[in-house]
Amino acid sequence: MNLECSLHGKLNRTRVVYYFTLVVLAVATAWGRSAWTAEPERKSGYAIGSEQCGGRGLSFPKVKIDMKKGFCAGLVLSEEDGLRFPRSIVQIPGHEQFVIVDMGGWNRTDGRLLLLDPHAAEGRRLKEIITNLEYPFGLAIGLDKKVYASTHETIFRIDPLAGNPSSTIETIIQGLPGRRITLPDGTRITESSHSLKHFIFDRTGRIFVNIGSHSDDCITKPPITKPCAAGEGTSPLAAIWMFTPPSSGVFPALSPNDPNPPREIYARGLRNSMALAVHSRFPDAGYAFLQGENARDLPDIFTPNEEINAIEKGKHYGWPYCFDLSSASPKFKIVPQPVPSQNVRS
């Protein structure tokens, strides 16, 4: 029986563009737009001038880009300040400093967590607090108001304002599928295509973690007659895994040989969930859990569309068998209908 592409939770979507331009701060301002010079000053490629953006003690060079009336963009940090490959930023609760994840680049193990003090003088705003991380990516604030971060295999918490932040690292999840993995069929992958770990908390303290697919499309030598092994089983890739804390809502620190907290497979068929968001009242009925999906690549650069999905527990969202709302992948047309997804606990 041919696979029928009937996907759950797809939203009408237009092409979505995601970007992270170093660290650019957008702040409300009452200033009007002034004429731009023909040859503006540039910092790390950004066109700036003599105007400043900000107020109330925080002011930064105004970036010459169009903004909604009443707003401007100020350049806080750039490559000239020591940024290499920034991926996430979060404000420390109760403080005006921020933590930044700087991955360093691909095929490297020199990722860093950085402390940003926007009140410091230019050239002195950035401080390394943790170094030599492998593919750090995500940042979030837990129910305990602590800062949580991820590498390609772990999620941990830190006190970024401690005298020695490295000494405060507490791992709460470990052994996640990372850069180097073995698929259920025994295939060894030395560099998984989607090993970055974006994650979020809901209001109960549960963590939802992106477990990206090992490849773009899971296409093997034709004819393909079996489901994609990487997306099946009790520990699937291309999925969102959910970990549940104890009743306190705070995960305990783990020693290297400790088991992970209780886990469920919350959703499948999601190639690489680089955007996750929950409403502040989720998981109450009627409140959204949204995911931004980097769809598979095809020769046509405009097909398929990227996706914004409304995530429902236990549902399969199509990868690699389908794309867009209901378009079947030609390579998987003769694959038997897979067993409906089950919520798998471990």
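Scroll up to find the structure this text is about.
Source: prediction; values computed, not measured.

This brings us to the sheet that holds strand β20 (residues 273-278). If you trace the three strands from one edge of the open sheet to the other, you get β20-β21-β22, paired in antiparallel fashion. Because the sheet does not close on itself, it has two edges, and the strands there are β20 and β22 (307-310). Direction aside, the axes of adjacent strands within the sheet are offset by 20° on average. The sheet contact formed by strand β21 (residues 289-293) and β22 spans four bridges and is antiparallel. Bridging from a neighbouring strand, Gln-291 pairs with Asn-309 of β22.

All right, on to the pairing of strand β6 (residues 86-91) then. With five bridges connecting them, β6 and strand β7 (residues 98-102) associate as antiparallel partners. Bridge pairing in β7 links Ser-88 to Val-101. Remark: six residues form the turn of the hairpin made by β6 and β7, two consecutive strands paired antiparallel; Gly-94 in that turn has positive phi of roughly 80°.

If you trace the backbone, Ser-167 turns up in the loop between β12 (155-158) and β13 (170-173). For Ser-167, a relative accessible area of 54% puts it in the exposed group. Residues Ser-167 and Ile-130, 37 residues apart in the sequence, show an inter-C-alpha distance of 9.6 Å. One polar contact links the side chain of Ser-167 to the main-chain carbonyl oxygen of Asn-164, over a distance of 2.6 Å.

Right, let's talk about the state of the cysteines for a bit. Tallied over the full model, the rule gives two disulfides. Cys-53 shares a disulfide with Cys-72; S-S distance 1.9 Å. Disulfide Cys-53-Cys-72: the torsion about the S-S bond is 100°, which places it as right-handed. You can see Cys-53 sitting in strand β3 (residues 46-55) and its partner Cys-72 sitting in strand β5 (residues 71-77), a full 19 residues away along the chain. Owing to a relative accessible area of 1%, Cys-53 belongs among the buried residues under this scheme. Exposure remark for Cys-72: the relative accessible area of 2% places this residue in the buried category. Note on cysteine connectivity: Cys-218 is disulfide-linked to Cys-228, with sulfurs 2.0 Å apart. Its S-S torsion of approximately 90° makes the covalent link between Cys-218 and Cys-228 right-handed. Remark: Cys-228 occurs in the loop between β17 (207-211) and β18 (239-243) and Cys-218 occurs in the loop between β17 and β18; sequence separation between them is 10 residues.

What counts and how
- Residues numbered from 1 in each chain as written.
- Predicted model: local features only at pLDDT ≥ 70, side-chain atom pairs only at ≥ 80, totals over all residues.
- Heavy atoms only, no water.
- Pairing = 2+ DSSP bridges.
- Helix = DSSP H or I, 4+ residues; strand = E, 2+ residues; numbered from the N terminus.
- Axes fitted to C-alpha atoms, helices over the stretch in contact; angles between N-to-C directions.
- Buried < 20%, exposed > 50% of the residue type's maximum accessible area, 1.4 Å probe, protein only.
- Polar contact = N/O pair within 3.5 Å; in protein donor to acceptor, adjacent residues only side chain to side chain.
- Disulfide = S-S within 2.5 Å.

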